[in-house]
Every structure is written in C-alpha cells, then in structure tokens.
Amino acid sequence: MDNNLSFVRTEMLQGQTPPLGERGAIRWMRINLFATPLDSALTLLAILALAWFLPGMINWLFVNAVWSGPDRSVCSTVAQGGIQPDGWSGACWAYVNANFNQFMYGPYPVDQHWRVNLVAIIFVLLLIPLLIPKAPYKVPNAVVFFFIFPIVAFILLVGGWFGLPYVETSSWGGLLVTLTLSFVGISVSLPLGIVLALGRRSRMPVIKMLCVIFIETIRGIPLITVLFMASYMLPLFLPPGVSFDRFLRALIGVALFASAYMAEVVRGGLQAIPKGQYEGADSLGLGYWQKTGLIVLPQALKLVIPGIVNTFIGLFKDTSLVTVISMFDLLGTVKQHFSDANWISPQTPISGLIFAGFVFWIFCFGMSRYSIFMENRLDTGHKR
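The structure contained in this document is the topic of the report that follows. (Residues numbered from 1 in each chain as written. Predicted model: local features only at pLDDT ≥ 70, side-chain atom pairs only at ≥ 80, totals over all residues. Heavy atoms only, no water.)

Remarks on the layout of surface pockets
Logical step 1: Volume-wise, the second largest pocket comes out at about 570 Å³.
Logical step 2: What lines the second largest pocket is a set of 20 residues, among which L198, R201, S202, Y288 and T292 lie closest to the centre.
Logical step 3: Elements supplying a minimum of two residues to the lining of the second largest pocket: α7 (175-200), α8 (205-219), α11 (275-283) and α12 (288-303).
Logical step 4: Counting residues per element, the lining of the second largest pocket draws most heavily on α12, which supplies five residues.
Logical step 5: In terms of residue class, the lining of the second largest pocket is built from 11 nonpolar, three polar and six charged. (1 Å grid on protein atoms, 1.4 Å probe; cavity = no way out; pocket = protein on both sides within 12 Å on 5 of 7 lines; lining within 4 Å. Points joined across faces, edges and corners; volume = space filled by probe spheres on them. Helix = DSSP H or I, 4+ residues; strand = E, 2+ residues; numbered from the N terminus. Nonpolar A, V, L, I, M, F, W, Y, C, P; charged D, E, K, R; others polar.)

So, in structure tokens, the structure goes:
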C-alpha cells in the first residue's frame, strides 16, 4: 500500500494563454470604451457622430478638392464664373499651392529664400540633439543654440554683412514671422520668468515690489495692448530721431508679456516644494544660489512642465496678434490673400484658414507630445 500522502507539486504548471477578453484590442476596448453602461452609450454616440460627420468632411477635404489650377476658375462653379458644376463644394488647395511661398516667407525677396531655408536647417539640426535625452555634448550644443545661432540667424535673415543684401523686417511675413516671434519669446520668457519668480519670492522688499509691479501690470493688460503701445506709443516717448525697428519692438513686447505669465507658473512650482528640501539644503551649508540652482529650482521646473509648455503654446498662437501693428504672420498672410482677385471664390477663405490651422496644430501638438514625454521621463519622485 502506497503511504505517500504528499501534496507538494513536483513540477510547475505550464503558462496558459489569457482569455480573449483579457488581451489585445478587445481588452483595450472593454477598459477604455465599454467599461460602464454610460461609457458604452457615449462611445456609441461618438461613433454615430463620426459616421455622420467624417464622410462629408473627407469628401470636402480630399475627394472633391481641387489640388492645382491657374486661378479662381478651378474653385468656382459655372454660375460663379468657374468650371465646376453647379452645387459643387470642395477645398481649394490650388489656392494654397499657388500662394505657398507667400504663406511661408511673406514678401521676403524670392531670390533670397535660401537664407531663410538655411536658418531653418541650422535650427532643426541644433534643436534635435537638445530634445534627445541621451544625445551627447548637451552643454556645447545649448551654448551654440541659444547664443551663437541667434547671431548667425540675424546676419542671414537681415543681411547687410558678408555681401548679403539687406532685407528690412517689413519684408518679413508668413511662417517666418510666426517662428521668429515664437523662438525669441520662448527663449527669453523662460529665464526671465524664473528671475521674476525668484524676485517675487525674495525677502528684499525693493526687488519683490518691482517684480510684483511688473508681473501684475503685464498680466493685467491684453497682449494686443502691449503690442499697440510698443509700436505706436513708445516712439512718442523717445528723443527726436531715435527709433527702434518695429519688429524688434514686437519681439520685446511678446517676450515681456510671456515672461510675466511664465513667472507665475514657475512661482507655483517653487511653492510646491516641501519646506524640508530648503531645510535639507541649509543643513548641508549651501548658499542661496546653490540651494536654488541645485536643489529647489530643478524640482520646481519638473513639477510645472505642463504649465510651462502651455504658456509656450499660448505664446505661439498669440503671435497672430501682430497684425494689429501691420505685421503679418502665417494667419495674417493667409487672410491678406483673401482679397487676391485671382483667387476670390467661396472656397478659398475656408481652405486657407484650414491650412493655417493645420500648421499651427502641428507645432502645438508637437510641443504637447514632447511635454508628455518629458513628464514621463522625469516622473521619479511623484509617481502615482
């Protein structure tokens, strides 16, 4: 008789495939789309809305769209003096194609477009290594990007040196103006905003008062007012014969405006740092600048990455307000060409606005996604 009463398993069970409902697309849909009856109802409503909206949108944007043509006739019906049948409706991408260079460069001389393209290429080649966390030589790259590149870009875009023809900023326009304003505003607003935030939290009354006055004054008035005053009111207070370039005034106004908002974002991060971090830095004998630069500020900036990028995105979109001082960014240039007699039709305005919106969306979405990437990468001390 076998007296072995051991119930200890002598071998491991083989792994089994998860049930169909617990893997793949079915599991994702069950968790994210049909988790509750309310989620299921909302999902079905969204599907019905897309089924009603998408076919018409795709038809207008792509199927019935006109992609090339010499003038407005290709985007107008017979009754409107064109070649399309009555009742036709579609995007007029021929209008965007015909004015693409204007949308990108504005009235910048055509034979000098290579200078703008060269600046864009240098910008991308320097920016990409900065955005890749594991790319080497970060410090030299940052020095070149933030200090040397602006000088090179100024020489190339403005000219007047090394045999390059001089191009006034009044001849700039389109995406060139949008990106220039955004780059300068972003590059200046972050460090200046950090200084203002530290100044507002300073124990020195004069410095704190000056920072508070600057921040609250700028935040209390709209950007359009800042641009208007910088363009039209500032020259009235300057000595006779003294004047600044209008585009430079716009750059300064945008940068100062963004820095005031950035200061409050950074101040929120500084206030979120626990008191123990300050006490720990003091116990190590660190001075104010060492404590701020090595302990407090890195943690504060990490906490407010969404707010910082949100300010950047808002700044990028606010560049369209420079039209009030007779400067035309991408959106302003697109709207300026609505009155072009060669392309006046019912379809051209909406086509131009969709193109401008798509370009803005590409840049804003890119900044947003990189912000999420950096949040996830730096999320070490505040994991859920």
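Once you've had a look at it, read on.
Re helix α5 (residues 113-131)
Logical step 1: Between its first and last C-alpha, α5 extends 27 Å over 19 residues, near the 27 Å set by a 1.5 Å rise per residue.
Logical step 2: Of the positions making up α5, those classed as buried are H113, R115, V116, V119, L126 and L130. Here the buried residues of α5 occupy an arc of 165° about the axis, which is enough to place them on one side. (Expected span 1.5 Å × (residues − 1). Buried < 20%, exposed > 50% of the residue type's maximum accessible area, 1.4 Å probe, protein only. Arc of directions from axis to C-beta.)

Overview of the nonpolar core
Considering soluble globular proteins, one finds that nonpolar side chains tend to be buried as a cluster.
Logical step 1: The biggest cluster of nonpolar side chains holds 63 residues, and the ones touching the most others in it are F103, Y108, W172, L181, L330 and F355.
Logical step 2: Top contributing element to this core by residue count: helix α10 (residues 246-271), with seven residues.
Logical step 3: Counting only domains with at least three residues in this core, you end up with domain 1 (110-167) and domain 2 (185-376).
Logical step 4: Sequence-distant contacts of W172, that is, excluding residues within four places in its chain, are made with Y105, P107, Y108, L157, V158, V167, V177, T180 and F247.
Logical step 5: Of all hydrophobic cores here, the second largest spans 15 residues; its members include M262, V266, V296 and F312. (Core = buried A, V, L, I, M, F, W, Y, C linked by side-chain atoms within 4.5 Å. Domains from an automatic or database assignment. Contact = heavy atoms within 4.5 Å.)

Let's talk about unusual backbone geometry
Logical step 1: Phi at Y137 is positive, roughly 55°, even though this residue is not glycine.
Logical step 2: Within the secondary structure, Y137 sits in the loop between α5 and α6 (138-158).
Logical step 3: You can call Y137 exposed: its relative accessible area is 67%.
Logical step 4: With a phi angle near 55°, F162 is a residue other than glycine that sits in the positive phi range.
Logical step 5: Mapping F162 onto the fold places it in the loop between α6 and α7.
Logical step 6: What makes F162 exposed here is its relative accessible area of 73%.

With respect to the pattern of salt bridges
Logical step 1: As enumerated under the stated definition, the model contains six salt bridges in all.
Logical step 2: Across the salt bridge formed by R200 and E216, the nearest N and O atoms sit 2.8 Å from each other. Placement of the pair is R200 in helix α7 and E216 in helix α8, with a sequence separation of 16 residues.
Logical step 3: Owing to a relative accessible area of 16%, R200 belongs among the buried residues under this scheme.
Logical step 4: The salt bridge involving E264 is made with R219; its shortest N-O contact spans 3.7 Å. On the criterion of sequence distance, the pair formed by E264 in helix α10 and R219 in helix α8 is long-range, its members being 45 residues apart.
Logical step 5: Using a relative accessible area of 18% as the deciding quantity, one classes E264 as buried.
Logical step 6: For R219, a relative accessible area of 33% puts it in the partly exposed group.
Logical step 7: Three or more residues joined by partner-sharing salt bridges are found here, namely R200, E216, R219, E264 and R267. (Salt bridge = Lys/Arg side-chain N within 4 Å of Asp/Glu carboxyl O.)

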